[in-house]
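Remarks on the overall topology
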Amino acid sequence: MDQFHFKVNLKGMIDLLSNHLYSTPHVFIRELLQNAVDAITARHKVEPAYDGKINVEVYAGENPTIFIEDNGLGLSEEEVHYFLSQIGQTSKRGEDGDDYIGRFGVGLLSCFIVSDEIVLLTRSVKSEQTVKWRGKPDGSYTIEKVDSEMRPGTRIYLQAKSGYEHYFRVDQVKQLCEYYGEFLPYPIHFSDTRDSHRLNAELAPWEMTIDQALAYGRQRYEEDYLDAIPLRSTVGEAHGVAYILPYAVRINAKQTSRVYVKQMLLSEKVDKLLPSWSFFVKGVINVNQLRPTASREEFYEDPLLDVVRNELGDCIKRYLVQLVEKDPDLLAKIIQIHYESIKTLAKEDNELYRLFIDWLPFETSFGRMKLKEIREQSPTIFYTPSLDEFRQITQVAKAQSFCVVNTAYVHDTELIEKLPMIDPTIQIKRVNPTTFTDQFMELSFEERGHVYDFIRIANIVLQPYLCKAEIKKFNPDELPALYTTNEEALFWRTVEQTKEESNELFSSIIGQMSGHQTVGQLAQLCFNYQNPIIQRAIKSEDEEMKRMIVEVLYIQSLLLGHYPLRQQELHLLNNGLIRLIEKGMDANA
Ligand SMILES: Nc1ncnc2c1ncn2[C@@H]1O[C@H](COP(=O)(O)OP(=O)(O)OP(=O)(O)O)[C@@H](O)[C@H]1O
């Protein structure tokens, strides 16, 4: 049997890299910097005290060229053949492979996205001989021995290919070197015809004190962060800071972190490294022990990543816990701005729940209150997870001195229902509109006699709207009527609305499905006997006036409860208002 070897079509490989693996041609700068750093790291293993250094130069002009030089380990002629001329071959996979940024043996090919030739001059620390390698995107290469006094290290020359000159502009290259290499461990010197200076920072945020990190954040990201939380993960060998945002962010907003791998920027949009509940911070993190994907723009989703994420999340939790003692004012400020994030956290973590629940704000019938204040109101906490019901209840509940919590927002129901777990003396009670209307006072026998006519007319007016009239005494006096409904009645409202909006065939199908209504399926408009307008309506001899008052109050109650108006109700609103205006004008005429 004959045996053959695969052949690699380099053109196809480059197309794969440029169009499918890397998100931008800019990455060639990253790959060049990374190789220079790895070469210096390798040299440190044999000469620990050696001062590594990288030089980048740009020659603008007709043939824009980039030159990048390192004083790393260099390559011997044999190594050039072995590592540079075999795709996928790398010197960074050995026992000490974890110390290097590179690992796949393809990064250098990214230079062919922007250039038609890579010229590499190198001299190994183990050899006196300088070697020149010229590689082409068609897969051919040449090697020649060069007589030069070159010190050990490597120099690479790239000339822009036609159409890619803008990637070689001085400001562009400089910006990219800063972007990827801002925190690389060795100095990067940048030169053009006018100037030469060190590009990268001396210290990274994870090496700074908190005050320095905050000053850096203010200057670099133009944000006055509330504080910076130190982050550490032993397993991932990760260090960083989590900047606390000075403004509220949407719940579950994807907060991305700026993440570095061995101090080289991986991406500024990593959303996997911090837990999802930590959307109130922006991380700047360096990781040594996680595996980047081949595009080097994300991490592999593996169990190690989970462990690192948890460790970093624990740092944020510990920080919040120690703030209780150390800086309660700052904690109050953080909670005030980021309570949604902290609620998510408290829902998941019982220890934090115990610590923070009393400080978290909830919407109540008395406005926004901290749970501590709500608990001081009554030993029983009344709540409703339905926003519609809360809107109906709120005025009546308040007038009756009931503090009702609106738990319709994400996590609020779970947070309230967890309360007895931390304190068994706390009672919680889910309420609905009828909880309060049941407590309304009934009219006396005599009063019933006075309202008989008014209620009869109200029932005639309300009947087409699947609503029945009721009259009781309740607080506040200023509230003339309260519309209450239940699931069934609400369902009927929706059915009727759909019938109005759909075509004939569909509405007859809905009609057949819905059958006949029962009393339980009716909503209720409860008039307040104590309200002056209702009193006048009851006493009025004018039947037309009574009808109009019922109509307008019905619509007003629906609007108060934020119910969408059906077509016939809109009609009623328009007509009722016009008739009332006319009545008013007649009376003044
Ligand atoms: N500046 C340099 N100094 C010394 N050797 C280098 C240099 N640049 C490249 N090499 C050698 O060429 C090999 C291939 O480099 P290449 O950038 O293609 O892949 P890599 O860095 O090994 O891995 P990755 O694809 O993950 O970047 C390297 O493993 C290294 O041995």
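Cut-offs and rules
Residues numbered from 1 in each chain as written. Predicted model: local features only at pLDDT ≥ 70, side-chain atom pairs only at ≥ 80, totals over all residues. Helix = DSSP H or I, 4+ residues; strand = E, 2+ residues; numbered from the N terminus. Domains from an automatic or database assignment. Pairing = 2+ DSSP bridges. Axes fitted to C-alpha atoms, helices over the stretch in contact; angles between N-to-C directions. Contact = placed C-beta atoms within 7 Å. Near = placed C-beta within 6 Å. Nonpolar A, V, L, I, M, F, W, Y, C, P; charged D, E, K, R; others polar. Core = buried A, V, L, I, M, F, W, Y, C linked by C-beta atoms within 7 Å. Buried ≥ 20, exposed ≤ 12 C-beta atoms within 10 Å, placed from the backbone.

The subject of this paragraph is the overall build of the protein chain. Helix and strand counts for the protein chain come out as 19 helices and 21 strands. Considering only C-alpha atoms, the protein chain reaches an extent of 120 × 65 × 60 Å along its principal axes.

What follows concerns the domain arrangement of the protein chain. Here the domain parsing of the protein chain yields domain 1 (10-198), domain 2 (205-310), domain 3 (360-433) and domain 4 (445-486 + 521-588). Taken over C-alpha atoms, the centre of domain 1 sits 63 Å from the centre of domain 3.

Taken together, five strands build an open sheet; the order of strands is E15-E14-E17-E16-E18 and the sheet is mixed. The open sheet is flanked by strand E15 (367-370) and strand E18 (427-430), the only strands paired with a single partner. Strand after strand, the sheet turns through a mean of 45° between neighbouring axes, direction not considered. Judged from the four bridges that link them, strand E14 (residues 361-364) and E15 form a sheet pairing that is antiparallel. Paired with Thr364 across the strands is Gly367, a residue of E15. Here helix H10 (residues 387-399) sits on the sheet in contact with strand E16 (380-384) and strand E17 (404-406), set at roughly 155° to E17.

With that settled, the discussion passes to the site of the ligand. Close contacts around the ligand come from 23 residues, with Asn35, Thr90, Ser91, Gly102 and Gly107 the closest. Looking at the shell around the ligand, the elements with two or more residues in it are helix H2 (27-46) and helix H3 (77-84). Here the shell around the ligand gets five residues from one element, more than from any other, and that element is H2. For the shell around the ligand, the class distribution of residues is nine nonpolar, ten polar and four charged.

In terms of nonpolar packing, the biggest core is built from 135 residues, with Leu33, Cys177, Ile229, Val241, Met264, Val281 and Val404 touching the most fellow members. With nine residues, the top contributor of residues to this core is H2. Setting aside chain neighbours within four positions, we find Ile229 in contact with Val241, Ala242, Ile244, Val281, Cys315, Ile316 and Tyr319.

Here we take up the sheet that holds strand E20 (residues 481-484). Read across the open sheet, the three strands follow the order E19-E21-E20; overall the sheet is mixed. Two strands in the sheet have a free side with no partner beyond their single neighbour: strand E19 (467-472) and E20. In this sheet, neighbouring strand axes are inclined to one another by 20° on average, regardless of whether the strands run parallel or antiparallel. Here E19 pairs with strand E21 (residues 523-528) via six bridges, running parallel. Of the residues in E21, the one forming a bridge with Lys472 is Asn528. Helix H18 (residues 543-560) rests against E19, E20 and E21 of the sheet, and its axis sits at about 60° to E20.

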